[in-house]
Amino acid sequence: MSFLEFLAGRWTEILGLTLEHVVLVVISTVAGVLIAVPLGLAITRIPALGRPVLGFAGVIQTVPSLALFGLLIPLPLIGGIGSRTAIIALVLYALLPILRNTVTGVRQVDPAILDAANGMGMTDWQRLTLVEVPLALPSIFSGIRIATVVGVGLVTIAAAVGAGGLGSLIFRGLAMLDSRLLFAGAIPSAILALLADAGLAMLEARLVASRGAPTS
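None of the values given here were measured: they were computed from a predicted structure.

Right, let's get into the pattern of salt bridges. On inspection of all chains with the given rule, the structure shows nine salt bridges. For the salt bridge of E13 with R10, the shortest nitrogen-to-oxygen distance reads 3.0 Å. Here R127 and D124 are joined by a salt bridge, their closest N and O atoms 3.4 Å apart. Here the residue R127 and the residue D124 both occupy positions in helix α7 (residues 124-158), the gap between them amounting to three residues, near one helical turn. Since its relative accessible area comes to 40%, D124 is described here as partly exposed. Each of R45, D124, R127 and E132 takes part in salt bridges that share partners, so that together they form one network.

Of all hydrophobic cores here, the largest spans 46 residues; its most connected members are L68, L95, I98, L99, L166 and L169. When residues of this core are traced back to their parent elements, those giving at least two are α2 (11-45), α3 (50-62), α4 (65-72), α5 (83-107), α7 and α9 (179-211). A per-element tally of this core places α5 first, with 14 residues. For L68, the residues in contact, after removing those within four places along its chain, are I60, V63, A89, L92 and Y93.

Counted at 1.5 Å a residue, the expected span for α3 with its 13 residues is 18 Å, and the 18 Å between its end C-alpha atoms agrees. Taken as a whole, α3 has its buried residues at G50, V53, A57 and I60. The buried residues of α3 all sit within an arc of 120 degrees when viewed along its axis, so they share a single face. For α3, exposure combined with an orientation more than 90 degrees from the buried face picks out R51, V59 and T62. For α3, the elements touching its buried residues are α2, α4 and α5.

Right, let's talk about the packing of helix α6 (residues 111-119) against α7 for a bit. At their nearest, the axes of α6 and α7 sit 11 Å apart, and the two run at 160 degrees to each other. What the angle tells us is that α6 and α7 run roughly antiparallel. Where α6 crosses over α7, the two elements pack in a sense that is right-handed. On the side of α6, the interface is formed by I113, L114, A117 and N118, while α7 contributes R127, V131, E132 and L135.

Moving on to the packing of α4 against α7. The contact between α4 and α7 brings their axes to 10 Å, and the two run at 60 degrees. Considered as vectors, α4 and α7 are oriented oblique to each other. Like other packed secondary-structure pairs, α4 and α7 cross with a definite hand, here right-handed. Across the interface between the two elements, S65, L66 and F69 of α4 pack against L154, I157 and A158 of α7. Residue composition of the contact of α4 with α7, grouped by class: five nonpolar, one polar and no charged.

Counting all residues, the mean pLDDT for the protein chain is 88, and 97% of those residues have values of 70 or more. No element of the protein chain has a lower mean pLDDT than helix α1 (residues 3-9), which averages 79, and none a higher one than α2, which averages 93.

Okay, the environment of P76 next. Mapped onto the elements of the fold, P76 is located in the loop between α4 and α5. As for P76 and S28, which are separated by 48 residues in sequence, their C-alpha atoms are 20 Å apart.

The rules behind the values
- Think of each chain on its own: its residues are numbered from 1, step by step along the sequence as written.
- Where local features are concerned, this predicted model is filtered to residues with pLDDT of at least 70; where side-chain atom pairs are given and counted, the filter is 80 or more; whole-chain, interface and lining totals use all residues.
- In computing side-chain values, all of the structure's heavy atoms are included and hydrogens and water are not.
- Salt bridge, as used here, is a side-chain nitrogen of Lys or Arg placed within 4 Å of a carboxyl oxygen of Asp or Glu.
- Note on conventions: DSSP H or I runs of at least 4 residues are helices, E runs of at least 2 residues are strands, and numbering of each starts at the N terminus.
- Buried residues are those whose accessible area, probed at 1.4 Å on protein chains only, stays under 20% of the maximum for their type, while exposed residues exceed 50% and partly exposed ones sit between those limits.
- To qualify as a nonpolar core, a set must consist of buried Ala, Val, Leu, Ile, Met, Phe, Trp, Tyr and Cys residues joined through side-chain atoms within 4.5 Å.
- Contacts are residue-level and defined by heavy atoms, with any inter-residue pair within 4.5 Å sufficient.
- Residue count minus one, scaled by 1.5 Å, sets the expected span of a helix.
- Throughout, the arc means that of the directions going from the helix axis to the C-beta atoms.
- The axes are straight lines fitted to the C-alpha atoms, using for helices just the contacting stretch, and the angles between their N-to-C directions are given from 0 to 180°.
- Oblique is the label for any angle not under 35 degrees, not over 145, and not in the 65 to 115 range, which are roughly parallel, roughly antiparallel and roughly perpendicular in turn.
- Crossing chirality is assigned from the near helix's rotation relative to the far helix, an anticlockwise turn below a right angle marking it left-handed and a clockwise turn marking it right-handed.
- Side-chain classes follow a simple rule in which Ala, Val, Leu, Ile, Met, Phe, Trp, Tyr, Cys and Pro form the nonpolar group, Asp, Glu, Lys and Arg form the charged group, and the remainder, Gly included, forms the polar group.
- Confidence of the prediction at every residue is given by pLDDT, a number between 0 and 100.

In structure tokens, the structure reads:
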């Protein structure tokens, strides 16, 4: 049986696993944004938070993904086999790029613009929400793009803890020494990463163009 015939016979399974893959990436990335962006904004207002928060996120990045999954599995409430453990690990991995880009974007706002905002009598909250965050959006979005693309790859590995997704085909192919299963999982995963990167890059470019900011 050729590879194309193999795909034709299993297209419903591959489609279902692809949807699982996308759902895991979306959930973990959205959760990462909801955690990392407010933390990043807090760091710009309370610099003392920067070292411990960014340090923790940096340490997480150094832990191999399989090791992190293994560390989370025995933990009560958040551990176990399945998608919950995978999502928590993926959220942890998403923190650093979003945090770092949020902090960098806000801190790079032109001081002259901030002086003008202060001269208009804006409060710190108004200056943050109406001036700094909108100007920092291209940088923040760049961090989200990085986290999303990395997440697509990490979800593949998350299949090792029963999270589902296209990694299931890859691990099954490794166990059975079946290259067709390997490619059936790897090729759609690579396509998803490319589509996510290209799509988010286009949105990021529109944000940059609308604000006249340099690309990140």
